[in-house]
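# Structure assessment
One-letter residues, chain by chain:
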Amino acid sequence: MSLGPELILAVLFGTLLAGLALGFPVPFVMLGSSMLAGLLAVGPVFFHMMVLRVFEAMSSYTLIAIVLFVFMGLMLEKSGAAERLFTALHILLGRLRGGLALSVIAVCTVMAAATGIMGASVIIMGLVALPRMLERGYDPALSSGTICAGGTLGILIPPSIMLIVYGPMAGVSVGKLFLAAIGPGLLLALLYALYILLLSRLRPQRAPVASREERALSLTHKLWLMLSSLFPALLLILAVLGSIFFGVASPTEAAAVGAFFSVLLTWAYGNLSLGVLRETFYQTTRVSSMVLLIVAAAFVFTGAFMMAGGGTLVKESLLSLPVGTSGILLVMTLAFFLFGLFMEWVGIVPVLVPIFTPVLDQIGVNPLWAAMLFCLAMQTSFLTPPMAPALFYLKGVAPPGIQFGEHIAKGVVPFIAIQLLAVALIALFPDLVLWLPRAALG
């Protein structure tokens, strides 16, 4: 008996949601629902096609960069570079009210451009910055929200692992995505900083200035601290992103350069040992294996979806909406945000991007602009429960007095509003995304 595409797709997504609700691992739920739907759609031949899809995903040269960038980020976490940079920035910005919170945003921005992952910045700042902020009388909610929001920059600012996965799924150059993401990433960091400065002026008791002893250091000493901590990180960023933007290396080759440089930086700071290397290799294997397994499962899931007629059904449904191009783009952006409430990006990008890409081609939307709207929407979901991984990362390392609801969840609310403002600005002014790729690539 032949089943219609609507029923097969209901089975596909119904079993997916049911498996996730029951707490089963994402890749196995994806594979199980795909196998069932594929069997209903095309029969036993789907199992052979599934194997081909997995090998297609795992033979991607671009995806090798995931392993290397994860290693680089974890090695930088072990190096102590973030702690040194935070101390230097705190001393340099100590005269400003809210300077400690601004230092967190600055360090998270630099670390985002040097690591490509989110969890490292949140955990490091939670361990290093949060106790200092509380000791100096900072509001716990502001402190928690600043760290969570700043940490999410790592998922957007290049070399973002999310963009490395996004590129092959959308058929877009990862290098172009990196260029397109710089503007939105810096815009978001700037909006965070402006909010902190405004709040510090309106409610000075929530963000006091640094102590007299910290402000009394000479300018020469402050500049030396700044240069000695910032220069190595900037050199790493230049080695990785510069080699990509100037066409010297592909993202995968640049990731290898960054991984090697991160080892040298850890050695230069005196934190390199066999134990550190062993732990970093172990964590890299765990993290990258999880990401790549989900990517492979998502390839199979997307294949089952397309074979069941889902691509045509979604395309026709979206194009039939009486809302115009802007309305269709808004619906797709909202879908990324809603999926982000219940899944991490690594499960969302491989599922939604191949489904929506043909629609973007049909309505004539620039894929780089759409990619940044979608990625910003997913970044917002990192702070929005029930998933909200940034909040749980911080809770895991926060001092005992920090409450999840009263401090962490409450503290991120203004930053969620700022992220939504950034999405609106990107939607209204596409050149915030497109200017740099156009200027660099012509």
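First, a word on what this report is: a plain description of the structure on this page. (Residues numbered from 1 in each chain as written. Predicted model: local features only at pLDDT ≥ 70, side-chain atom pairs only at ≥ 80, totals over all residues. Heavy atoms only, no water.)

## Re the overall build of the chain
The number of helices and strands found in the chain is 21 helices and zero strands. On the principal axes, the C-alpha backbone points of the chain span a range of 80 × 50 × 45 Å. Looking at the 442 residues of the chain, the share that counts as buried comes to 54%. Taking the intrachain contacts of the chain between residues at least 6 apart in sequence as the baseline, contacts between residues at least 24 apart amount to 80%. (Helix = DSSP H or I, 4+ residues; strand = E, 2+ residues; numbered from the N terminus. Buried < 20%, exposed > 50% of the residue type's maximum accessible area, 1.4 Å probe, protein only. Contact = heavy atoms within 4.5 Å.)

## Details of a nonpolar patch on the surface
Residues Leu96, Leu190, Leu194 and Leu197 make up a contiguous nonpolar surface patch of about 340 Å² in total accessible area. Counting through the fold element by element, Leu96 comes out in the loop between helix 5 (81-92) and helix 6 (99-115). On the basis of relative accessible area, Leu96 is assigned to the partly exposed category, the value being 40%. (Patch = residues over 30% accessible without salt bridge, like charges linked within 9 Å, V, L, I, M, F, W, Y side chains within 5 Å. Areas by Shrake-Rupley, 256 points an atom, 1.4 Å probe, with all protein chains shown as cover. Salt bridge = Lys/Arg side-chain N within 4 Å of Asp/Glu carboxyl O.)

## Quick look at helix 21 (residues 431-441)
Those residues of helix 21 that sit buried are Val433, Leu434 and Pro437. The arc enclosing the buried residues of helix 21, seen along the axis, measures out at 70°, which places them on a common side. Exposed and facing more than 90 degrees away from the buried side of helix 21 are Trp435 and Ala439. Residues of helix 21 that are buried make contact with helix 10 (174-202), helix 18 (367-381) and helix 20 (404-428). (Arc of directions from axis to C-beta.)

## As for the environment of Ile182
Its location among the elements puts Ile182 in helix 10. With relative accessibility at 21%, the residue Ile182 sits in the partly exposed group.

## What about helix 13 (residues 251-268)?
In this model, helix 13 (18 residues) spans 25 Å end to end at C-alpha, consistent with the 26 Å of a helix rising 1.5 Å per residue. Those residues of helix 13 lying buried are Pro251, Thr252, Ala254, Ala255, Gly258, Ala259, Phe261, Ser262, Val263, Leu265 and Thr266. Where helix 13 ends, the next residue or the one after it, Gly270, has phi of about 75°, a positive value. (Expected span 1.5 Å × (residues − 1).)

## Focus: the pattern of salt bridges
Under the criterion given, the structure shown has three salt bridges. Between Arg206 and Asp139 there is a salt bridge, with its nearest N and O atoms 2.9 Å apart. Of this pair, Arg206 sits in the loop between helix 10 and helix 11 (212-215) while Asp139 sits in the loop between helix 7 (119-135) and helix 8 (140-151); the two residues are 67 residues apart in sequence, bridging distant segments of the chain. A relative accessible area of 18% means that Arg206 is categorised as buried. Using a relative accessible area of 21% as the deciding quantity, one classes Asp139 as partly exposed. Of the charged contacts, one joins Asp431 and Arg438 as a salt bridge, the two residues approaching to 3.4 Å between their closest N and O atoms. Its relative accessible area of 46% is what places Asp431 among the partly exposed residues. In this structure Arg438 comes out as partly exposed when scored by relative accessible area, which is 44%.

## Describing the side chain of His407
Note that His407 resides in helix 20. A distance of 2.9 Å separates a polar side-chain atom of His407 from the backbone nitrogen of Gln403. (Polar contact = N/O pair within 3.5 Å; in protein donor to acceptor, adjacent residues only side chain to side chain.)

## What about the nonpolar core?
Met332 and Trp345 are the most contacted members of the largest nonpolar core, which has 146 residues in total. Once residues lying within four places of it in the same chain are set aside, the contact partners of Trp345 are Ile155, Ile161, Met162, Val165, Val291, Pro350, Met378 and Phe382. Of all hydrophobic cores here, the second largest spans five residues; its members include Phe71, Met75, Val263 and Val276. (Core = buried A, V, L, I, M, F, W, Y, C linked by side-chain atoms within 4.5 Å.)

## Examining the packing of helix 5 against helix 6
A packed helix pair is summarised by two numbers, namely the angle formed by the two axes and the spacing between the axes. Between helix 5 and helix 6, whose axes approach to 9 Å, the crossing angle comes to 140°. Considering only the axes of helix 5 and helix 6, their crossing is right-handed. Every residue of helix 6 that contacts helix 5 at Ala82, Leu85, Phe86, Leu89 and His90 is listed here: Leu100, Ser103, Val104, Ala106, Val107, Val110 and Met111. (Axes fitted to C-alpha atoms, helices over the stretch in contact; angles between N-to-C directions. Left-handed = near helix turned anticlockwise from the far one by under 90°.)

Spatial relationships are all this shows, so hold off on functional conclusions.
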